Amino acid sequence: MCDFCHKHGEGKKWYLQAKNYSEDLMSDLRRRRFITEFFSHPEHLTTDVAGLTQLERAPAFVRAVLTPYISNRQKRIHFGQVVPIEDVDRIFGFVTSIVRLACICRQTTVGSEQRYCYGVSMAPQGGRFTEIIREIDADYLTGPNTAGLEMLTKEEAIDSLRKHEKEGLCHTLWTFITPFIGGICNCDRSDCQAMRATVVYGLPVMFRAEYVAQVEPDQCNGCRACMRVCQFGATGYSAANKKVVIDPRRCYGCGICRASCAKNAITLFDRVKVPAAAYRW
Ligand code: SF4
Ligand code: SF4
């Protein structure tokens, strides 16, 4: 279990607790201001990336002090976790509205609207989270009329996420002042600033999933399709065995490799039951 499961999930998966999506949490004015600010200024992401580059160039002792400080601050305000599609399906099962909207990271990297993010809420019609987004005059959300907010059924949403898996995108959920969870994104290392911070710059702003993937060697034909989609460099190919192996110390447990495997050779296991991965978050 990650830290948040102990702090916000009573020892169970924190993101499967309905209270962490509740309108009660959304009534907090500080949280509402944070969300407004977050979505109003996508350009802040560019500044954040510039900061990461500077941090990477800083002396080792500076990085050693600043990295845990920034990571812990992010845990309080905007932190993520990788989640496989079966857990996203469970979340979609108890939230009462799902809204697809433009990805704030891709607005920065690609410069155009790309709908890869999903707002989730325990209130019908998107609740206060959607109200706040609608109030923001942000061009990347297709303008003040926010026509870009699409209400989806659970079935439409899960179907859409399965398509993102086929694109090689990893599902992540995000807090807006922890423990409130407001969104599920679909990320890759090129465009997701949080994934880049965590994986490329060594500044963790998201947890690994509660799972870790393993390949069943007898079922693997060595096609290497899984290697092409792993965002975390966790797969390796054995030329001698003509099989792929997954390094549990690097695996984030997203399950995207599984979606690409025509031989059904990849399974997700509980992270805590795999000794090499159990304490890696
Ligand atoms: S996609 Fe499946 S069959 Fe192909 S190398 Fe990976 S685990 Fe093996
Ligand atoms: S090996 Fe692990 S991190 Fe890589 S795609 Fe598979 S589940 Fe995700």
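Since this is a predicted model, take the numbers as computed values, not measurements.

Rules used throughout
Note that residues are indexed from 1 along each chain, following the sequence as it is written. Numbering of ligands from 1 and lettering of chains from A proceed in the order in which they are written. Reporting of local features is limited, given that this is a predicted model, to residues whose pLDDT is at least 70; pairs of side-chain atoms are given and counted only at 80 or more, and all residues count toward the totals for whole chains, interfaces and linings. The side-chain quantities take in all heavy atoms of the structure and omit both hydrogens and water. Helical segments are the DSSP runs of H or I of at least four residues, strand segments are the runs of E of at least two, and each set is numbered from the N terminus. Each radius of gyration is computed over the set of C-alpha atoms, and the globule rule expresses the reference value as 2.2 Å times the number of residues to the power 0.38. Think of it in three bands: with a 1.4 Å probe and only protein chains considered, a residue is buried below 20% of the maximum accessible area for its type, exposed above 50%, and partly exposed in between. Here, Shrake-Rupley sampling with a 1.4 Å probe gives the accessible areas, and only protein chains in the shown set may cover a residue. Cysteine sulfur pairs qualify as disulfides if the two atoms are within 2.5 Å. Here a residue is near a molecule or strand as soon as one of its heavy atoms is found within 4 Å of it. Residues are grouped as follows: Ala, Val, Leu, Ile, Met, Phe, Trp, Tyr, Cys and Pro are nonpolar; Asp, Glu, Lys and Arg are charged; every other residue, Gly included, is polar. Residue contacts are counted whenever heavy atoms from the two residues lie within 4.5 Å of one another. In short, DSSP must find at least two bridges between two strands for them to pair. Points on a 1 Å grid over protein atoms alone make up a cavity when a 1.4 Å probe fits among them but cannot get out, and a pocket when they form an open set with protein on both sides within 12 Å along at least five of seven lines; lining residues each have an atom within 4 Å of a point. Grid points are joined across faces, edges and corners, and a volume is the space filled by probe spheres set on the points. For helices, the fitted line uses only the C-alpha atoms of the stretch in contact; every axis is such a line through C-alpha atoms, and the angle between N-to-C directions lies from 0 to 180 degrees. Relative orientations are named as follows: roughly parallel for angles under 35 degrees, roughly antiparallel for angles over 145 degrees, roughly perpendicular for angles from 65 to 115 degrees, and oblique for any other angle. The handedness criterion is simple: a crossing whose near helix is rotated anticlockwise from the far helix by less than a right angle is left-handed, and one whose near helix is rotated clockwise is right-handed.

A.B. asks: Got a minute to help me understand the overall build of the chain in this structure?
C.D. replies: When its secondary structure is counted, the chain shows 12 helices and 11 strands. Taken against the 2.2 N^0.38 rule, which gives 19 Å for 281 residues, the C-alpha radius of gyration of the chain at 19 Å falls within 12% of a compact globule. With the principal axes as the frame, the chain shows a C-alpha extent of 60 × 50 × 40 Å. Across the 281 residues of the chain, 52% fall into the buried class. By element, 51% of the accessible surface of the chain is carried by carbon and sulfur atoms, the whole surface being about 13,200 Å².

A.B. asks: What should I look at first to understand the state of the cysteines in this one?
C.D. replies: A covalent bond between the sulfur atoms of two cysteines is what we call a disulfide. Counted under the stated rule, the structure contains zero disulfides. Lacking any disulfide linkage, Cys 5 is separated from the closest cysteine sulfur, that of Cys 2, by 3.6 Å.

A.B. asks: How should I be thinking about the site of ligand 2 in this particular structure?
C.D. replies: In the vicinity of ligand 2, the residues found are Ala 213, Cys 230, Phe 232, Ala 234, Thr 235, Ile 246, Cys 251, Tyr 252, Gly 253, Cys 254, Gly 255 and Cys 257. Of the residues contributing to the shell around ligand 2, the split by class is nine nonpolar, three polar and no charged.

A.B. asks: Quick question: what am I supposed to make of the environment of Met 206 here?
C.D. replies: Within the element layout of this structure, Met 206 appears in strand E7 (residues 206-207). According to the relative accessible area criterion, Met 206 is buried, its value standing at 2%. Remark: the alpha-carbon pair of Met 206 and Phe 79, spanning 127 residues in sequence, is separated by 5.5 Å. When neighbours within four sequence positions are excluded, Met 206 is seen to be in contact with Phe 79, Gly 80, Gln 81, Val 82, Thr 172, Trp 174, Ala 194, Met 195, Thr 198, Phe 232 and Trp 281.

A.B. asks: Looking at this structure, how should I read the pairing of strand E2 (residues 97-101)?
C.D. replies: Each regular strand displays side chains that alternate between the two surfaces of the sheet. Burial analysis of E2 places five of its five residues in the buried class, the great majority of the element. Across five bridges, E2 lies against strand E3 (residues 117-121) in antiparallel orientation. Counted as the bridge partner of Val 99 is Gly 119 from E3. Of the strand pairs in this sheet, E2 and strand E4 (residues 150-152) are connected by three bridges, and their pairing is antiparallel.

A.B. asks: What exactly am I supposed to notice about the layout of surface pockets here?
C.D. replies: In this approach a probe as big as a water molecule rolls over the atoms, and the regions it shows empty are the leftover space. Size it by volume and the largest pocket reaches roughly 1,000 Å³. Every residue lining the largest pocket is counted, 44 residues in all, and those nearest its centre are Phe 38, Leu 45, Asp 48, Gln 74 and His 78. For the lining of the largest pocket, the secondary-structure elements that each account for two or more residues are helix H3 (29-40), helix H4 (44-57), helix H5 (60-77), helix H7 (104-109), E3, strand E6 (181-187) and helix H10 (193-200). Ranked by the residues each element gives to the lining of the largest pocket, the list is headed by H4, at seven residues. Considered class by class, the residues forming the lining of the largest pocket number 29 nonpolar, 10 polar and five charged.

A.B. asks: In this structure, what is going on with the sheet that holds E6? I would like to understand it.
C.D. replies: Working definition: the strands of a sheet are paired by backbone hydrogen bonds and lie parallel or antiparallel to each other. In space, the seven strands of this open sheet follow the order E4-E2-E3-E6-E5-E1-E7, with mixed pairing throughout. With partners counted over all chains shown, the strands left at the sheet margins are E4 and E7, one partner each. In this sheet, E6 lies alongside strand E5 (residues 170-175) in antiparallel orientation, the contact comprising six bridges. By the bridge assignment, Trp 174 is partnered in E6 with Gly 183.

A.B. asks: Could you clarify how one ought to interpret the packing of helix H6 (residues 85-94) against helix H9 (residues 154-166) in this entry?
C.D. replies: For any two helices packed against each other, one specifies the inter-axial angle together with the distance between the axes. Contact pair H6 / H9: the axes reach a minimum separation of 10 Å and the direction vectors enclose 160°. The orientation of H6 relative to H9 falls into the category roughly antiparallel. In the packing of H6 onto H9, the handedness of the crossing is right-handed. Contact residues: H6 offers Ile 85, Val 88, Asp 89, Phe 92 and Gly 93, while H9 offers Lys 154, Ala 157, Ile 158, Leu 161, Arg 162 and Glu 165. For the contact of H6 with H9, the residue count by class is six nonpolar, one polar and four charged.

A.B. asks: Even after reading the chapter, I still don't get the environment of Ser 112, so can you show me in this structure?
C.D. replies: With respect to the helices and strands, the residue Ser 112 is situated in the loop between H7 and E3. Residues Ser 112 and Ala 102 lie 10 residues apart in sequence; the distance between their C-alpha atoms is 8.9 Å. When neighbours within four sequence positions are excluded, Ser 112 is seen to be in contact with Arg 106 and Gln 107.

Remember that the coordinates give geometry; whether it matters functionally is a separate question.
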